[in-house]
Structure formats: C-alpha cells, structure tokens
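Listed below are the residues making up each chain.
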Amino acid sequence: MLAFRPNRRPAPVRILTRLIFPCGNPPRRAGIDRSHCRAAFMRIVLLCAFVSPARAAVSDQTVPRQDPAAVEFFEKRVRPLLVSRCYNCHSANTNAKGGLRVDDRNGLLQGGGSGPAVVPGKPEESLLLQAVRHQGDVPKMPPKKQLTADEVDVLARWVKEGAAWPAVTANVTAGKPNPKYDALRKNHWAWQPLQESSPPAVRDGSWPAGTIDQYLLAALEAKGLRPVRDADKVVLIRRVTFDLTGLPPTPAEIDAFVSDGSPTAFEKVVDRLLGSPAFGERWGRHWLDVARYGESTGSSRNLPFPHAWRYRDYVIEALTRDKPYDQFIREQVAGDLLPAGSPAERQEHLVATGFLALGVKDVNQRFKVRFIMDNVDEQIDTVSRAVLATTVSCARCHDHKFDPVPQADYYALAGIFRSTDLCAGLRNKMGGGGLDYYDTDLLISLEPGSERAASREKVDAAKKAVAVARAEFQRLQNNPEGDEKTADGRPKRAVARQNFNRLQRELLDLTDPAANGAKVALGVRDAKDIGDTEIRIRGEAEKLGPVVPRGFLSLLQLPDQPKINPKQSGRLELAQWLTSAQNPLTSRVLVNRVWQHLFGEGLVKTVDNFGVTGDVPSHPGLLDHLAAGFVADGWSVKRLVRRVVLSRAYRLDSGTLEANFRVDPQNRLVWRHAPRRLDAEEIRDAVLAAAGTLDRVRPQGSPAQTLKVIELANNGPVARTLGDQARASTQRSLYLPLLRTLVPTSLEVFDFAEQGMVTGRRDTTTVATQALYLLNDPFVRRRSLELAERLVQAADLDDAARVQHAYRLTVGRGASTIEVERVLAFLAGYEPVAREVLAAAPSEPAPKPEVVASAAEATGADNAASKKPAPPVNPDEVIQGDAPIKEEVIRPRDARTAAWAGFCQVLFGTAEFRYLP
C-alpha cells in the first residue's frame, strides 16, 4: 500500500503561503499553536495594510509606439474578428489548441507548436494568414467555416501595418528608490557582513570544551542559569552515531566506547563516523531535502525522472569526500560552465546541475511561455531559499512586501535562468498522452557519441510513419468519422490513437539515447538565445514590461562582484557571487542548517527564511563565529560537524532543571540537549539493522530508472510494483524509489520531506497512523520475525540473555531485571496461544485473484504480443478506482519464534526505539 502526498501548490498559493507562513509550510495536521495562527493572521493584516498605490506606470516594451489610427483599426475591426472566430479555441480563458493564443500579442508573436503566428509587417511570413487562407502545410483555420475574403483582408492589413495592439500598462517600481528597503539593507542582521568576535569570558572556565561552549555558557550565566550534567556514554554514542550516519551503533561499538577511558575516546568515535560512507548517505539526505529531490514531476501529470538517481549519487559522493561547500554549490548552479580536469570530472559537473532540473513540472501547461516561466520561478525559489534562506520568489508579481527584494531583482535572476535550457527530458503539452511529454533533445549526454546509432533510413522512415499517424489521429479527433466502427468493433479514433502511440514508441526506441546505451543525465545548459528578460506585469508570463539586465540581488552589494559574460547565461557568475567569501548569507545559512541537524533547532529557527518575517539568531555572535570559521576552514562540512559535536554542549544530557525550564522553556539558550524523534529513514534503517538484514552496499541506479516517461497512475500496476519493491528492499532508505505522490509508506508515515519545495526542517508529528503502521505493516512484521529468528538461533544464549541482546540491538542498552522478568512472562503466555493459532491456520495461504492492469496504464503497454490488441483508452477519460491490495502472509516457523516475533515488534513500537535522548 502506498501513501500519497498532495501535489505542489500553484505559484500564487505558494507565494501567499510564504507570506503567511514564512518559515515554510503551513501546519499539516491538527494541534496548531495558537500563537502561530495569530502571527499568521497579523501577517495577512499587514499585507493588506501596506500594499501601497503604484509609484510609476510603464508600457509594454514589446509594443512599439503605436499610431492611434492603427490601434483604433485593431479595436474596431481586428479584435472583434479574433473574438468571434478564434477565441473559442485559442485563448487563455477557453482553450489553446496547438499552444497558440490569439488574445495576447505576445502569444501571436511567439506562436504555438508550428512557430510564430504573426510577423509584424510581413503578412507573407505570418502563419496566421496562411491558416485563414487555407494555404500551405499549416492547419486550416477556422476548420469548419472559412473566413470571408473581407475578413482575411482585414487581418492582412493589420499585419502589414505592424500588428498594432493597445499598450499594456501596469504599475511597476523598477529602479525607483525605496527608503524602507534601504533601511532594511543597512539594519537587518542577516544582510550584514560577518562580525567576527572573540569568545566571551565566562565565570566557570572549567566547563567549556571550546569556543562554542564559551558563547553558550556566557549567555546562560547572563540569565543566572547553568547547564545540566553530561550525558552518559551509552546515550552519547547512540546520539552521535544516529546524527552522523543515520544508523544505530552496534553492541560491539557501544562496548568499545564505554570501556575506553581515554580523554580522546569520544573524539575517536567521531572521527570514525566522519570517515564512514554512511556519513555521506546521512548528510547527503539532508541536502536532498533542501534540493527537493524527487524521481518524478509530480503536479497534474506525474511523469518519472528515470535518470534522477545520478544526482542523488553525486550528492552522496560529494558529502562522503567532503567536497568544499562553495565548490559543491558552484557545480550545482553552473557545473556545465566550469573547467574540468578529466572526462570523469566533466561528467560529475554535468550531473551536479540536476539540482536545477529536478523540481516539480506542470507538463500539462497549455502555453510554453508559462511552462518556461513557472520553471524559472521554481529554480529561483530553490536556489534562493536553499543557499541564501531568502524568499526571492515573493517578488515575481510585485516588489517583496517584507524583504528588500524589488521585482527588478527577481527578473535580473530570471534572465539568467531564462537564458538556460532546462534539460529534464520533458516538454509541455496540454492533454498529452503516452510519450507525448518525453523530449530526448532535452537530456544531458555524459558521453557524446556513445549510443548505438540507428540507420538514417530507419529513423527517417519511422519519423514519416509517425507524422502520417499523427495527422490521421488529428483528422479523426474532432470528426464524426472517428466514431465509426472498424471491423473488430472499435472506434476509428481509438484505433488511430493506438497506432500513433505504437509508432511513437518505435521512433523513440530508435532515437532515445538512453535506450540505445548512452549515459545521460538531467541538468541544464546554456540556451541558444542568451539575453536579459522583461519584468512580467503582475507575474503573468505574457505581459511584458521593461527589460531588466541580468544580475544578482541588490540586498547584498559585495566588493568586486563578478560581471556577467554577455555571451553566457550568467549562471557561472551567479555561482561565484553565491559562494564568495564576502557573501555572509551562504556561510550563515549552511552553519545554521548543520546546527539544526545536531541540536534539533537552528540558532535561527526558520532555517529556510532569514528575512524580516523569519527568526532572529539566539546567539548571533556564535553564528558569525562559526560561519567565519567555516569559510576559513575551506568550507569543509566535515570539519564544521566535528567541531560542533566535540563541544561540551552537544554532549549534555537531555534531562531538565526546573529553574532553567521556568526561564527558558524552549531551550533556546541550549542548557540541555533536546530529545528528538528519529526521522523516517532512521526508523526504517534501524529496524533493518536490528533484524540483521540491512544491506549497506550502495545500489547501482534506482528502481525508477527502468520506467518509461509516461504518466503514472497513483493506483496502477507501476505504483503497486514500486510499493512492493520498497517493502521488499533491505537497502538504506535513501535508495528507495522516491517518486512524487508515490512515497513508500515507511517514509511517508513518519513525516518524509516535502518533495515540492526546499525543506530545511521536516515536520515532526505524533499521529495514530504511525502506531497503526508499526502494528500492522508487513515490513515491520517481517523484520520483527527476522529479529526473532536471529535471537532464537543464538544457541549460546539463554532466554534472559536473548532479551538483553534484543534490547541492545533495538534501543542500545541492556534490559533491567524487571524488564527481563516481564518479557519472559510475556513469552511464556504468548507461546501456547501462538501454537493454537498456527495449528488452526492453513499450511499455505489461499491464492489471491489476479490483479488486472488499470486501463490508463494498459494504454502505455505494448500490445504487439497479444493476438487481439486491447481496446485503447484515453487516459484522460479513465476514472481511477482503488486497486486490490495483496496482503503479505508472514508465517513464523513455530510458536516459539512467533512469541519472540511479537516481543520484537513491541520493542520496535516503543518510544525509546523512536526517540534519542
């Protein structure tokens, strides 16, 4: 059974969400803090109160100065003609067949799938006139009733005279001074240079283990507080092992640390964990949360990303090798533009740009320009929040209401990404089906020329066959003839659709580089058309305002800022600006993310928002001290993590002191170590580790890499197969198939990351479905049985020792005498009951009825092997129903094993297993 997540919110909803809940997402479940709601309400009030009147009006820069007579001719003769004869099929509010809009001048200039519809001053080159004259190879328009000669002459005159159109006016403040912004740039803490300071003096000089502790203890002493005692060794090694690797320590590792009495015992443990490949997997998963990693598009049409796993492996390897963070960011933003010392390094750089390609995609968008600008917005949002903790996308439609980010800054960045090809292997198409969305030209080749090339004759023949089949399907699509039956009783339209899908697959088999042995990835590259872009009035893709030069955010004016190369997109210079040692945000944000992962809460609680609506640092001096040290240490993440976990503060117990709690109930001063629940991956991996079945070998690829780029039904055969693979897998959780809306239940139920946007901090909830999962899910019951068999088969142990061993494998400590007695009594009472149940159960489970593939996915399957092809079904017309669920039968070998399995499942369900003190 799979758990589903809602699709990514539309852009206006996401923008409003950031304003109301600037720290990220709104609370997803009941139990919302009232203060949080009051703060959200006040932001709405402030938003309404401070929306000021416009300061200046500018015209649509794409419309040259118009002759009033030409505009009058358009309004009186041309617009009524377009409204009456074209709007029903080619407008934003009704339809946009062929991707063409005639209700917008830019829509006509950009055209649809066939190219520009209008070339001002050149009627002979305008496809619109060819279509209405029923000339050439373009579709004949209108299809049912041709325009009169007079109507055609009206359009021809209008195009010849320059295609006049009333200028679009809007209130834009580009380039205007803003005193509020100027004050924020000067005063808001996040946008000031790093303030290096000497660690403060403390009264208790014996307590600090380093400079981190001096900053923390000084703040505590200023409030008259003192830290709690240190954690015991068993608690400490379990904490640090999970924090650094996401896995539990083994009993042998616990024993070695507890028995090591040297002053460097803990330091040796930390160094061993930092050198482990598991560190790269654990901390790579943290970055994948920020990078909104997913293996499918999500949104209205969920299509797989078969090659996304290459980016996942790049991230893991980068964290394992401790790639400097500044280089890590440069490669992800502009890897294709960086020099490389070898072919392998070149491939690594190209794969890294998958960071910009793996976001949610609405491939069902009707208009290409909207598809492009929505993807640009998604890239701006990801880069700005992931690296700078700044909500730049709030300035898409207007100047940012809180932070000093004018709309011009947004479009300065948009010009950079507008000059970049998004190579996710996808194109947009309204109402597409089958492989319509797959575009092999939008893939990054890692080894050009390595694919098996099909003969030109075969490719040309296949293209011709596809063109003929497409034309026949389009002819029948809205034609009564399409309803006529063929000899086998199927509609001609359906037969034509099936024939087109088949020929389309055959052409892709010949031309798809991935299918022909090429090594490909998802990423970005500089576009053929490089240049600045216009402000979009009210954020609407077609409403063009003044052009804005490509550039960076004005809230940070760095010395010696790079100048954008006019022949390139500007991503290289953006990457250099982001990772400049003079940029205080990049290092502060990363240090804060590391602190949050190790202490449960960042020095700035809103890890993805350092703006005005975000939090302020609890220890600003410490934050800057760590950020400056991080840069000085060569941007090494491992050195930063090592420095933090070796602090005395990290080694504190999680117990409480009443006096401290009264003054600082939220532990903002770090007088104790905050307990935390294991995240979804840690819980699943810890279950496998306890059962002794965890596979630590990194797999090659992903289960998603074999999927065709066709729409995924949430309850179809592919979804069920992915769910079965996830339940059967014994590999680490970050290697499970992670397609959007199809996240495995073991991860979804414990608050897996939101895959639609930057997630620097996951939700932590306690809900009934978690208990039900631990009680009923086949994965948990199977691993409980495996742990039971591991215990029962330990011939050198008696039952009391087996109980002790079970506790050490699951919660890291031995059982108390009372606990041993209670467990033995439980086993003694359970075994006779289990014997009766097993005796009464059939030896083999009854066969389950065969599950038939859903009609929507059956259309994507190749029916060539069938004697009689299945009737094709339009996937847009299928009403999905719940598919039958196959229950996995888990049968212990005997009553004794069943009793131990019940006890092991109880341990997996305890709070002590799920929480770190």
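Only a predicted model underlies this, so the values are computations on that prediction, with no experimental measurement involved.

**Student:** Could you give an account of the overall build of the chain, with specific residues and numbers?
**Tutor:** Regarding its fold elements, the chain presents 34 helices and twelve strands. With 917 residues in all, the chain has 54% of them scored as buried. Put simply, 71% of the contacts in the chain that link residues at least 6 apart link residues at least 24 apart. Total accessible area computed for the chain in this model is approximately 40,000 Å², and 54% of it derives from carbon and sulfur atoms.

**Student:** Break down the pattern of salt bridges for me, citing the residues and quoting the values.
**Tutor:** Counting across every chain of the model gives 70 salt bridges. Residue Arg698 is joined to Glu317 by a salt bridge in which the shortest nitrogen-to-oxygen separation is 3.4 Å. Taken together, the residues span a long stretch of sequence, with Arg698 in the loop between helix H25 (680-691) and helix H26 (717-728) and Glu317 in helix H13 (residues 309-320) at a distance of 381 residues. Taking relative accessible area as the criterion, Glu317 reaches 29% and is therefore assigned partly exposed. Notably, a salt bridge pairs Arg662 with Glu658, separated by 4.0 Å at the nearest N-O pair. Within this pair, Arg662 and its partner Glu658 are both found in helix H24 (residues 658-663), separated by four residues, close to a single helical turn. For the pair Arg662 and Glu658, one class covers both residues: exposed. A single salt-bridge network, built from bridges that share partners, covers Asp243, Arg282, Arg676, Asp679 and Glu682.

**Student:** Can you lay out the packing of helix H21 (residues 584-599) against helix H22 (residues 620-632) for me, pointing to particular residues and giving the numbers?
**Tutor:** Helix-helix packing is described using two parameters, namely the angle between the two axes and the distance between the axes. Remark: H21 packs on H22, axes separated minimally by 9 Å, with the N-to-C direction vectors making an angle of 110 degrees. Classified by the angle between their axes, H21 and H22 sit roughly perpendicular to one another. Across the interface between the two elements, Ser587, Arg588, Leu590, Val591, Asn592 and Trp595 of H21 pack against Leu622, Leu623, Asp624, Leu626, Ala627, Phe630 and Val631 of H22. Classifying every residue of the contact of H21 with H22 by side-chain character gives nine nonpolar, two polar and two charged.

**Student:** For the packing of aromatic side chains, give the residues involved together with the corresponding values.
**Tutor:** Applying the stated criterion across every chain, the model contains 25 aromatic pairs. Cluster of aromatic residues (ring-pair linked, three or more members): Trp287, Tyr311, Tyr314, Tyr325, Phe328, Phe355, Phe630 and Trp635. Sitting over the ring of Tyr650, Arg239 keeps its end group 5.8 Å from the ring centre.

**Student:** I'd like a rundown of the environment of Ile890, residues and numbers included.
**Tutor:** Within the element layout of this structure, Ile890 appears in the loop between helix H32 (855-858) and helix H33 (895-908). When its relative accessible area of 16% is taken as the criterion, Ile890 is described as buried. Residues Ile890 and Arg781, 109 residues apart in the sequence, show an inter-C-alpha distance of 7.3 Å. Contact partners of Ile890, with chain neighbours within four places excluded, come to Pro778, Arg781, Arg782 and Leu785.

**Student:** Tell me about helix H3 (residues 68-85), residues and numbers included.
**Tutor:** Counted at 1.5 Å a residue, the expected span for H3 with its 18 residues is 26 Å, and the 25 Å between its end C-alpha atoms agrees. Along its length, H3 shows its largest kink, about 40 degrees, at Glu75. Among all positions of H3, only Ala70, Val71, Phe73, Phe74, Val78, Leu81 and Leu82 are buried. Packing partners of the buried residues in H3 comprise helix H6 (149-160).

**Student:** Requested: an account of the nonpolar core, with residues and values cited.
**Tutor:** Residues Leu244, Trp287, Tyr311, Trp595, Leu598, Val641 and Phe903 are the most contacted members of the largest nonpolar core, which totals 181 residues. Element by element, the count of residues in this core is highest for helix H16 (residues 368-388), at nine residues. Core analysis: the second largest hydrophobic core is formed by 27 residues, Phe73, Leu108, Val152 and Ala156 among them.

**Student:** Break down the packing of H16 against helix H17 (residues 407-418) for me, with residues and values.
**Tutor:** Relative to each other, H16 and H17 sit at 115 degrees, their axes nearing to 9 Å. When the axes of H16 and H17 are compared, the pair comes out roughly perpendicular. For the crossing formed where H16 meets H17, the hand is right-handed. Where H16 approaches H17, its residues Ile372, Met373, Val376, Asp377, Gln379, Ile380 and Val383 are matched on the opposing element by Tyr410, Tyr411, Leu413, Ala414, Phe417 and Arg418. Among the residues forming the contact of H16 with H17, the class breakdown is ten nonpolar, one polar and two charged.

**Student:** Tell me about the pairing of strand E10 (residues 544-548), and name the residues and values.
**Tutor:** Consecutive side chains of a regular strand alternate in pointing toward one face of the sheet and then the other. The element E10 is extensively covered by neighbouring structure, given that four of its five residues are classed as buried. Across three bridges, the pairing between strand E9 (residues 533-536) and E10 is antiparallel. Residue pairing in the sheet places Thr533 in a bridge with Val548 of E10.

**Student:** Before we move on, could you go through unusual backbone geometry and cite the residues and values that matter?
**Tutor:** The phi dihedral of Ala163 is positive, around 55 degrees, even though this residue is not glycine. Its location among the elements puts Ala163 in the loop between H6 and strand E4 (169-171). Ala163 gets classed as buried once you look at its relative accessible area, which sits at 1%.

**Student:** Any details on a nonpolar patch on the surface? Residues and values, ideally.
**Tutor:** Residues Phe826, Tyr830 and Val906 make up a contiguous nonpolar surface patch of roughly 250 Å² in combined accessible area. Its place among the elements puts Tyr830 in helix H31 (residues 817-840). Take Tyr830: its relative accessible area is 33%, and that puts it in the partly exposed class.

**Student:** Residue-level account of the confidence of the model for the chain, with values.
**Tutor:** Averaged over all residues, the pLDDT of the chain is 87; the fraction at 70 or higher stands at 87%. Counted against residues more than four places away or in other chains, residues 1-62, with its pLDDT under 50, gives 120 contacts.

**Student:** Explain H16 to me, and be specific about the residues and the numbers.
**Tutor:** The end-to-end C-alpha distance of H16 is 29 Å, a good match for the 30 Å that 21 residues give at a rise of 1.5 Å each. Among the 21 residues that make up H16, 17 are buried, leaving the element largely enclosed by the rest of the structure. In the segment just after H16, Ala389 is the residue with positive phi, at about 50 degrees.

**Student:** Can you break down the side chain of Glu281 residue by residue, with the values?
**Tutor:** The topology assignment puts Glu281 in helix H12 (residues 277-290). Within the local environment of Glu281, its side chain forms a polar contact with the side chain of Tyr735, the two groups lying 2.7 Å apart. Excluding residues within four positions of it along the chain, Glu281 makes contact with Ile316, Arg732, Leu734 and Tyr735.

**Student:** Lay out the side chain of Thr606 in plain terms, naming residues and giving numbers.
**Tutor:** Tracing the backbone through its elements, the reader meets Thr606 in the loop between H21 and H22. Judged by its relative accessible area of 11%, Thr606 falls in the buried class. Of note is the side chain of Thr606, whose polar atom sits 2.9 Å from the backbone nitrogen of Asp615.

The rules we used
- Residues numbered from 1 in each chain as written.
- Predicted model: local features only at pLDDT ≥ 70, side-chain atom pairs only at ≥ 80, totals over all residues.
- Heavy atoms only, no water.
- Helix = DSSP H or I, 4+ residues; strand = E, 2+ residues; numbered from the N terminus.
- Buried < 20%, exposed > 50% of the residue type's maximum accessible area, 1.4 Å probe, protein only.
- Contact = heavy atoms within 4.5 Å.
- Areas by Shrake-Rupley, 256 points an atom, 1.4 Å probe, with all protein chains shown as cover.
- Salt bridge = Lys/Arg side-chain N within 4 Å of Asp/Glu carboxyl O.
- Axes fitted to C-alpha atoms, helices over the stretch in contact; angles between N-to-C directions.
- Parallel < 35°, antiparallel > 145°, perpendicular 65-115°, else oblique.
- Nonpolar A, V, L, I, M, F, W, Y, C, P; charged D, E, K, R; others polar.
- Phe/Tyr/Trp six-rings, centres within 6.5 Å; stacked < 30°, edge-to-face > 60°.
- Lys NZ or Arg CZ within 6 Å of the ring centre and 35° of its normal.
- Expected span 1.5 Å × (residues − 1).
- Bend = angle between axes of the 7 residues up to and from the residue.
- Core = buried A, V, L, I, M, F, W, Y, C linked by side-chain atoms within 4.5 Å.
- Left-handed = near helix turned anticlockwise from the far one by under 90°.
- Pairing = 2+ DSSP bridges.
- Patch = residues over 30% accessible without salt bridge, like charges linked within 9 Å, V, L, I, M, F, W, Y side chains within 5 Å.
- pLDDT = per-residue confidence, 0-100.
- Polar contact = N/O pair within 3.5 Å; in protein donor to acceptor, adjacent residues only side chain to side chain.

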